[in-house]
Amino acid sequence: MILYKRAVDISGFVKKNTHVGKSIGFVPTMGALHQGHLSLIQQAKLENDIVICSIFVNPAQFNEQNDLRTYPRPLESDLPLLISTQCDLLFLPSADEIYPNGLNSLKHYDLGYLENSLEGRLRPGHFNGVVNVIDKFLEILKPDRLYLGQKDFQQVKVIERLLQITRQPCQCIICPIQREESGLAMSSRNIRLTAEQKVHASVIYKTLSFVREHYKKYSLKELQSHAISMVHQAPETAVDYLEFCDAESFHIIHNWNDAEHIVCVAAVKVGEVRLLDNILL
Ligand code: AMP
């Protein structure tokens, strides 16, 4: 695996290879890698000549300085994991490399209602920070395919919107959610849960699975309030939201007939750790 820290160097390498017809798959991450990230790299390896992973804890997408400060950065254990998946290139830029003029020079993208609903509403500016960094990465790397996890469902929608706005000829590949044995969706933030909290957090997937099994037997409102109280039965849990959305447009729906494909999305705090999960019904 070759490690690049400077945009001009990695972009030079990529250009040389795309000139001779090699395809590029790109997996953006914030590090603290787990099997969820690795599954994206494995998928990219199957479909591309060269796979690039980035590790960049993007300051522009954190709206709480404490969250940014405490975000795990275990590079020494990330490197062997990347090598074990035969990732070809690691892009590991500094914040100055990506934002040479600081965070005051961020672009504003018109993400429409995606910007202010659910995650967007609770984390103002978060998605604009996400698309700023992804847009920069796409400019530098010009990948053929971009690999994203279904785990961050709204983020996928936001990045698809970015590709529409910027008309980048890059295909989005959405990869399934990787879970612990308990059903808990893998996440870099899980490191911050105690062993007990991890057990409590498994209620999220149990609830989403219950929702998928029973959704046509109840009205949407009934199932929603039942699901929220199911989560709250586990200690130390607080539901930020548990909503049903049109899986294509990501509009919140209020009746089962409002959408052909439905996704149930949830954000739950377990102790101090905020976890996201979702399930397609
Ligand atoms: P992050 O490092 O959290 O920014 O995540 C980088 C990429 O990995 C994003 O596209 C995530 O959606 C994806 N990802 C994170 N957790 C999982 C998971 N449990 N299963 C599949 N993909 C995941």
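Residues numbered from 1 in each chain as written. Predicted model: local features only at pLDDT ≥ 70, side-chain atom pairs only at ≥ 80, totals over all residues. Heavy atoms only, no water.

This part covers the domain arrangement of the chain. It is common to give the size of an interface as the accessible area that goes away when the parts come together. Looking at the assigned domains, one finds that the chain contains domain 1 (2–175) and domain 2 (188–274). Inter-centroid distance (C-alpha atoms) of domain 1 to domain 2 is 26 Å. Counting residues at the interface gives 19 residues for domain 1 and 18 residues for domain 2. Around 1500 Å² of area is buried between domain 1 and domain 2 when both sides are counted, 60% of it from carbon and sulfur atoms. Per-residue buried area on domain 1 facing domain 2 is highest for Y113, L118 and F153; these three make up 37% of the total on that side. Where domain 1 touches domain 2, the interface holds three salt bridges. E119 is the partner of R274 in a salt bridge, and the nearest nitrogen-oxygen pair spans 2.8 Å. (Domains from an automatic or database assignment. Contact = heavy atoms within 4.5 Å. Buried area = accessible area lost by both parts, 1.4 Å probe. Salt bridge = Lys/Arg side-chain N within 4 Å of Asp/Glu carboxyl O.)

Let us look at the sheet that holds strand β8 (residues 262–270). One open sheet holds the three strands; their spatial order is β7-β8-β9, and the pairing between them is antiparallel. The sheet is open, and its two edges are formed by β7 (237–246) and β9 (273–280), each paired on a single side. Here the average twist between neighbouring strands, direction ignored, is 15°. Pairing of β7 with β8 involves nine bridges; the strand directions are antiparallel. (Pairing = 2+ DSSP bridges. Helix = DSSP H or I, 4+ residues; strand = E, 2+ residues; numbered from the N terminus. Axes fitted to C-alpha atoms, helices over the stretch in contact; angles between N-to-C directions.)

Inspection of the secondary structure assignment puts L275 in strand β9. Separated by 65 residues in the primary sequence, L275 and F210 place their C-alpha atoms 18 Å from one another. Excluding residues within four positions of it along the chain, L275 makes contact with L184, N190, L193, A201, I204, A266, A267, V268 and V270.

With that settled, consider the site of the ligand. Taken together, 16 residues lie around the ligand, and M30, H37, D152, Q178 and M186 are the ones closest in. The contact in question runs from an oxygen atom of the ligand to an N or O atom on the backbone of M30, over 2.9 Å. Within the backbone of M186, an N or O atom sits 2.8 Å from a nitrogen atom of the ligand. Its free accessible area being 490 Å², the ligand has 92% of it covered by the protein chains. (Near = heavy atom within 4 Å. Polar contact = N/O pair within 3.5 Å; in protein donor to acceptor, adjacent residues only side chain to side chain. Areas by Shrake-Rupley, 256 points an atom, 1.4 Å probe, with all protein chains shown as cover.)

Running from amino to carboxyl end, helix α10 (residues 203–214) crosses helix α11 (residues 220–232) at an angle of 155°, the nearest separation of the two axes being 9 Å. As far as their axial angle goes, α11 and α10 are roughly antiparallel. You can see that α10 and α11 cross each other, and the crossing is right-handed. The residues of α11 that touch α10, namely those facing V203, K206, T207, F210, V211 and H214, are L223, H226, A227, M230 and V231. Here the contact of α10 with α11 is composed, by residue class, of seven nonpolar, three polar and one charged. (Parallel < 35°, antiparallel > 145°, perpendicular 65-115°, else oblique. Left-handed = near helix turned anticlockwise from the far one by under 90°. Nonpolar A, V, L, I, M, F, W, Y, C, P; charged D, E, K, R; others polar.)

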